[in-house]
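The lines below spell out each chain.
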Amino acid sequence: MFLLPTEEAHTMTDTTERKNPYRLPVDQLKAKSLELRRDIITMLVEAKSGHTGGPMGFADIAATLFFHELVYDPKNPKWPGRDMWFYSMGHMTPIHYSALAEAGYFPLKDLMKFRKLDGHLQGHPSSLDTPGVEVSSGSLGQGLSIAFGAAYGSRMDGHPRRVYALLSDGEHEEGSTWEAAMAAGHYQMDNLCAIVDYNNIQIDGHVEDIMGLAPLGDKYRAFRWNVIEIDGHDIAAILGALDQARRCKGRPTVVLARTVMGHPVSFMSDQFEWHGKPPKPEEGDKALAELGTTYAEWSGRLLNN
Amino acid sequence: MKKTREGFGRALAELGKTNPDVVVLVGDLTDSTMVSFFAKEFPDRFVEMGVAEQNMMTAAAGLSLVGKIPFLATYGAFATCRCADQIRVTVCYSDLNVKIGGAHGGISVGPDGATHQALEEFAMMRVLPNMKVIVPCDFEETRKATLAAAAVWGPVYLRFGREDVPVVTGAATPFEIGKGILLRDGDDVAIVACGVMVHEALQAAEALAARDIQARVINIHTIKPIDRNLLIQAAEDCGAVVTAEEHQIHGGLGSAVAEVLVRHCPVPMEFVAVEDRFGQSGKPAELMAAFGLTADHIVTATEKVLARKVARVY
Ligand SMILES: Cc1ncc(C[n+]2csc(CCOP(=O)(O)OP(=O)(O)O)c2C)c(N)n1
Ligand SMILES: [Mg+2]
């Protein structure tokens, strides 16, 4: 699949009916995040490569975003009235793609072609290959700048869109993240909301050991941001934070979401080894058992949809 | 004599009037990149990004996603080298409509020295899929190139300079991205130049004509996509080619021309370019002479290439 950008697709006009197509309540969002986690494990077992821990830890936030918060039309990915979200942490593709597929952007069976030559799901997201991906990413530290630009342009047009920058904690070591934070604070981008997957993990270990990031909230406050700190697995808290962000005027909001890498799989939780490896089939079976399914059942569900 | 960067600045101000989608971003260099004309007339579409080029590049990407046509301006050295990753992953891999204005290109920047004399942009930009690279030769051509960049989809790198340079083209000279311009006909040798070296090439051709050597002069203002047909025809007709550019010898115009000719019509070639070294402080004209970028150097290179042509040394 090759989606060439066209000028028509980028003109902003029709913004009627701006709402999330699902608007699921909390209990159904919990069920959805469980499905997303099953997708992640299953597609990674099949792909035999890819990132497990971060995507698992981000599933509650992704479920809330895609099935309650974000405004989009999966059948018309370039619909001008849409919100925009940017996975700055490109390696989060397993959660990014499973949420897009579950939301209806492309068939679930495509997930079983993740990272394969005959699929359209690149290891890191490619906007020209995959519907629903606004911008290619995979080099950390760029998403907040992109989101800033999209938010700035939307505000110039008086467009009601909200723009979400989905950031990792590790990429706050990139200077460019702070260039963007400074600009967003300076320009009072209140249509911009950053969500940080604050799992305190990066490739080489715990973030605090590799390059101390705390106090991250104070840093953002010093850059003139509204800061909300939550438990990133508490869906009601995520909904509350997104709502509070929407109501904050004159400042961009950052939601520092405390997450546990690999959550809730026992042997993956808070283990930085799970940053960038897929489960072996036996590990996949164990994880899927903890998630209440089997590989046969869940891969069957994906392949038949 | 007129500045190419003024052509960029004037064109942006024109675009401000004709195209409401055009937005200009600058990295604390409003006057020297001459986006000041636009800033003054269209303050609502002008974004000061401060000294933060990486953020400026990716923010421009974000602006393009919501339908804007962002032009950003900073010195070419910083626009390319500092933002290489942003340009590669975000702008080019996503094929976004970002226009990069690289000011202060080449050694002719003068006294600021090597850090500010961009000599690597052609190589760095033309290697990236989806990127177009344009190197106009004078005020008028820079103006037209800037207007053309706004009219075409996708990433464009525009290189222009700091100093006053001779005016070679007129308002009526055609400009089309990817279409080289035959400035002078001749069958003994083809001189293929871009940027300020176009004027030097014309002077060299004049000097050669006095010695009964008829040089064809081609202005290749677009290094990518390059005008293959014009180059192949020139090589076929002349049997020898000299390239001239204000850029490192590796990876620039000379390389781009060679890549076409070795496959389609190999002929002896010589390159006039900076010989794999950094620039230095000095007056622009002094530097052009010291770094081998004058009409005289093109004449010398032509003599060499003609000797090889006669001896059939490829
Ligand atoms: C610019 C850049 N440098 C290095 C990398 C390689 N890399 C991929 S993820 C990562 C850091 C992982 O930490 P974090 O972003 O917090 O992700 P998590 O492990 O929590 O999923 C690194 C260094 C990269 N993708 N981009
Ligand atoms: Mg992390």
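What you see is a predicted model; the values in this text were computed from it and never measured.

Colleague: I'd like a description of the overall build of chain B, backed by residues and values.
Modeller: Along its length, chain B carries twelve helices and 14 strands. A compact globule built from 314 residues should have a C-alpha radius of gyration of about 20 Å, and chain B, at 19 Å, falls within 12% of that. A principal-axis box enclosing the C-alpha atoms of chain B has dimensions of 60 × 40 × 35 Å. Taking all 314 residues of chain B together, the buried fraction comes to 66%.

Colleague: Can you explain the coordination of the magnesium ion (ligand 2)? Please cite residues and give values.
Modeller: Residues and elements named next belong to chain A. Around the magnesium ion (ligand 2), the protein contributes the donor atoms Asp169 (OD), Asn199 (OD1) and Ile201 (O), which lie 2.1 to 2.2 Å from the metal centre. Written as a sequence motif, the donor residues of the magnesium ion (ligand 2) are D-x29-N-x1-I. With respect to class, Asn199 is no different from Ile201; both count as buried.

Colleague: An account of the interface of chain B and chain A is requested, with residue identities and associated values reported.
Modeller: Chain B puts 30 residues into the contact, and the matching count from chain A is 36 residues. Summed over both partners, the interface of chain B with chain A buries about 2,500 Å², with 59% contributed by carbon and sulfur atoms. Contact with chain A buries area across many residues of chain B, yet B:Leu65, B:Val66 and B:Tyr93 alone supply 26% of it, more than any other trio. For the pair chain B and chain A, the number of links is one salt bridge. Here B:Lys68 ties to A:Asp157 by a salt bridge, and the two come within 2.4 Å at their closest N and O atoms. The interface formed by chain B and chain A contains nine residue pairs in polar contact (both at pLDDT 80 or more). Looking at the side of chain B that touches chain A, the elements that each hand over two or more residues are β3 (46-48), α3 (53-65) and α5 (84-92) of chain B. With nine residues, α3(B) is the largest single contributor of residues to the side of chain B that touches chain A. Here the residues of the side of chain B that touches chain A are counted per class, giving 13 nonpolar, ten polar and seven charged.

Colleague: Any details on the domain arrangement of chain B? Residues and values, ideally.
Modeller: Residues and elements named next belong to chain B. The domain boundaries assigned to chain B delineate domain 1 (2-165) and domain 2 (181-311). The C-alpha centroid of domain 2 is placed 26 Å from the C-alpha centroid of domain 1. Across the contact, 30 residues belong to domain 1 and 34 residues belong to domain 2. Regarding the contact of domain 1 and domain 2, the summed buried area is about 2,300 Å², with carbon and sulfur atoms giving 59% of it. Along the contact surface separating domain 1 from domain 2 lie one salt bridge. As a salt-bridge pair, Arg126 and Glu259 come within 2.7 Å of each other at their nearest N and O atoms. At the junction of domain 1 and domain 2, the tally comes to 20 residue pairs in polar contact (both at pLDDT 80 or more). For the side of domain 1 that touches domain 2, the elements supplying multiple residues, two or more each, are α6 (121-126) and β6 (132-134). Among the elements that make up the side of domain 1 that touches domain 2, the one with the highest residue count is α6 (four residues). Taken together, the residues of the side of domain 1 that touches domain 2 break down into 15 nonpolar, seven polar and eight charged.

Colleague: Tell me what's going on with the state of the cysteines, and back it up with residues and numbers.
Modeller: A full pass over the atoms with the stated rule returns zero disulfides over all chains. Looking at the unpaired A:Cys248, the closest cysteine sulfur is the one in A:Cys193, lying at 9.7 Å.

Colleague: I'd like a description of the sheet that holds strand β7 (residues 156-159) of chain B, backed by residues and values.
Modeller: All names here are of chain B. Spatial ordering of the open sheet is given by β3-β2-β4-β5-β7-β6-β12, a layout of seven strands whose pairing is mixed. Strands with a single pairing partner mark the edges of an open sheet, and in this sheet they are β3 and β12 (222-224). Neighbour to neighbour, the strand axes of the sheet diverge by 20 degrees on average, direction disregarded. Bridge analysis of β6 against β7 gives three bridges, and the strand direction is parallel. Bridging from a neighbouring strand, Val133 pairs with Tyr157 of β7. Sitting on the sheet, α3 touches β2 (22-26), β4 (69-75) and β5 (99-103), and the angle it makes with β4 is about 170 degrees.

Colleague: Tell me what's going on with the confidence of the model for chain B, and back it up with residues and numbers.
Modeller: Chain-level pLDDT for chain B is 97 on average; 100% of the residues reach the 70-or-more range. Reported for the predicted complex are a pTM of 0.94 and an ipTM of 0.93.

Colleague: An account of helix α10 (residues 235-247) of chain A is requested, with residue identities and associated values reported.
Modeller: Residue and element names in this part refer to chain A. With 13 residues, α10 extends 19 Å from end C-alpha to end C-alpha; this agrees with the ideal 18 Å at 1.5 Å per step. Burial in α10 covers these residues: Ile235, Ile238, Leu239, Ala241, Leu242 and Ala245. End-on, the buried residues of α10 take up no more than an arc of 160 degrees, which puts them together on one face. Next to the buried residues of α10 lie α2 (26-47), α4 (59-69), β2 (163-168), β3 (192-198), β6 (226-231) and β7 (253-258).

Colleague: Explain the site of ligand 1 to me, and be specific about the residues and the numbers.
Modeller: Residue and element names in this part refer to chain A. Of all residues adjacent to ligand 1, which total 15 residues, the nearest are His91, Ser168, Asp169, Asn199 and His275. One of the side-chain nitrogen or oxygen atoms of His91 is found 2.8 Å away from an oxygen atom of ligand 1. Gly138 is positioned such that a nitrogen or oxygen atom in its backbone is 2.8 Å from a nitrogen atom of ligand 1. A total of 580 Å² of accessible area belongs to ligand 1 in isolation, and the protein chains cover 76% of it. Residue classes in the shell around ligand 1 are distributed as four nonpolar, nine polar and two charged.

Colleague: Break down α4(A) for me, with residues and values.
Modeller: Within α4(A), eleven of the eleven residues are buried, leaving the element largely enclosed by the surrounding structure. Those residues of α4(A) that fall on the buried side of the exposure criterion are A:Ala59, A:Asp60, A:Ile61, A:Ala62, A:Ala63, A:Thr64, A:Leu65, A:Phe66, A:Phe67, A:His68 and A:Glu69.

Colleague: Before we move on, could you go through the packing of α4(A) against helix α5 (residues 93-103) of chain A and cite the residues and values that matter?
Modeller: All names here are of chain A. Following both chains from N to C, one finds α4 and α5 inclined at 35 degrees, their axes separated by 10 Å at the closest point. Our pair here, α4 against α5, has a crossing hand that is right-handed. Here Ala59, Ala62, Phe66 and Phe67 of α4 come into contact with α5, specifically with Ile95, Ala99, Leu100, Glu102 and Ala103.

Colleague: Provide a residue-level description of the sheet that holds β6(A), including the pertinent values.
Modeller: Residue and element names in this part refer to chain A. Spatially, five strands are ordered β1-β2-β3-β7-β6 in an open sheet, and the strand pairing comes out parallel. The sheet is open, and its two borders are formed by β1 (84-87) and β6, each paired with just one other strand. The average undirected angle you get between the axes of adjacent strands in this sheet is 20 degrees. Note: β3 against β7, six bridges, orientation parallel. Residue pairing in the sheet places Ala194 in a bridge with Val254 of β7.

Reading guide: rules and limits
Residues numbered from 1 in each chain as written. Chains lettered and ligands numbered in written order. Predicted model: local features only at pLDDT ≥ 70, side-chain atom pairs only at ≥ 80, totals over all residues. Heavy atoms only, no water. Helix = DSSP H or I, 4+ residues; strand = E, 2+ residues; numbered from the N terminus. Rg over C-alpha atoms; globule rule 2.2 N^0.38 Å. Buried < 20%, exposed > 50% of the residue type's maximum accessible area, 1.4 Å probe, protein only. Donors = N, O, S within 2.8 Å, 3.2 Å for Na, K, Ca; no water. Contact = heavy atoms within 4.5 Å. Buried area = accessible area lost by both parts, 1.4 Å probe. Salt bridge = Lys/Arg side-chain N within 4 Å of Asp/Glu carboxyl O. Polar contact = N/O pair within 3.5 Å; in protein donor to acceptor, adjacent residues only side chain to side chain. Nonpolar A, V, L, I, M, F, W, Y, C, P; charged D, E, K, R; others polar. Domains from an automatic or database assignment. Disulfide = S-S within 2.5 Å. Pairing = 2+ DSSP bridges. Axes fitted to C-alpha atoms, helices over the stretch in contact; angles between N-to-C directions. pLDDT = per-residue confidence, 0-100. Expected span 1.5 Å × (residues − 1). Arc of directions from axis to C-beta. Near = heavy atom within 4 Å. Areas by Shrake-Rupley, 256 points an atom, 1.4 Å probe, with all protein chains shown as cover. Left-handed = near helix turned anticlockwise from the far one by under 90°.

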